[in-house]
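Below are the chains, spelled out letter by letter.
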Amino acid sequence: MEIERKYLIHQLPEDLNLHPHYKIEQAYLCTEPVVRIRRQGDDYFLTYKSKGFMVREEYNLPLTKEAYEHLRPKVDGILISKTRFVLPLEGGLNIELDVFDAPYETLRLAEVEFPDEETANRFVPPSWFGEDVTFSTEYQNSTLSKG
């Protein structure tokens, strides 16, 4: 189960490069239901996500590099490339801040995952967060993959 809120970011924190970060490359074999492949450093995954916004089922299965490379030409839409920065929050939570590459180089999205819906609903975002887009299909990566 994935429980997360998503926000647009208009102003990046000044100390962003001091936080852990890594490149992500992902693409979609299907968007209904969501079936995604992802390369994250030297790790590869096949992910299934159910319909939904703040709360939805998510299953990650490990892939080999060879399996990822076999599936990559079969994707629908465009390959999404981004850098993910991980920033700590109070209460053991983390901000996963995605800075996208072309064709979405101006897009910045922050996601915060929660242990339960109550915590997600009570969450007060940091002052530098922009609009809450948790319930918008426009900012789901599966939508972005359609170009």
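Look up: the structure comes first, before these words.
Below or above, wherever it landed, is the structure these notes cover. A quick note: this is a predicted structure, and the numbers were derived from the prediction, not measured.

A closer look at the environment of Gly-130
Locating Gly-130 in the fold gives a position in the loop between α2 (117–122) and α3 (141–144). Taking the C-alpha atoms as reference, Gly-130 lies 8.5 Å from Gln-11; in sequence the two are 119 residues apart. Not counting residues up to four positions away in its chain, the partners in contact with Gly-130 are Tyr-7, Leu-8, Ile-9 and His-10.

A short note on unusual backbone geometry
Glu-32 connects to Pro-33 through a cis peptide bond whose omega is 0 degrees. Within the secondary structure, Pro-33 sits in the loop between β2 (21–31) and β3 (34–40). In the segment running from Ala-102 into Pro-103, the intervening peptide bond is cis, with an omega of 10 degrees. Position of Pro-103 relative to the elements: it lies in the loop between β8 (94–100) and β9 (108–113).

Concerning the nonpolar core
Among the nonpolar cores identified, the biggest contains 17 residues, and Ile-95, Leu-97, Val-112, Phe-114 and Phe-129 are the most heavily contacted of them. Breaking this core down by element, the ones donating at least two residues are β1 (2–8), β7 (76–88), β8 and β9. Here this core takes three residues from β8, the largest share from any one element. Residues within four places of Phe-114 in sequence aside, it is in contact with Ile-3, Glu-4, Arg-5, Leu-93, Thr-119, Ala-120 and Phe-123. Formed by eleven residues, the second largest nonpolar core is a distinct cluster that contains Val-34, Phe-100, Leu-107 and Val-133.

Quick word on the sheet that holds strand β5 (residues 55–56)
Strand order in the open sheet formed by nine strands is β5-β1-β9-β8-β7-β2-β3-β4-β6, with antiparallel pairing between adjacent strands. Strands at the two margins of the open sheet, each flanked by one partner only, are β5 and β6 (58–63).

Parameters at a glance
- Residues numbered from 1 in each chain as written.
- Predicted model: local features only at pLDDT ≥ 70, side-chain atom pairs only at ≥ 80, totals over all residues.
- Heavy atoms only, no water.
- Helix = DSSP H or I, 4+ residues; strand = E, 2+ residues; numbered from the N terminus.
- Contact = heavy atoms within 4.5 Å.
- Core = buried A, V, L, I, M, F, W, Y, C linked by side-chain atoms within 4.5 Å.
- Buried < 20%, exposed > 50% of the residue type's maximum accessible area, 1.4 Å probe, protein only.
- Pairing = 2+ DSSP bridges.

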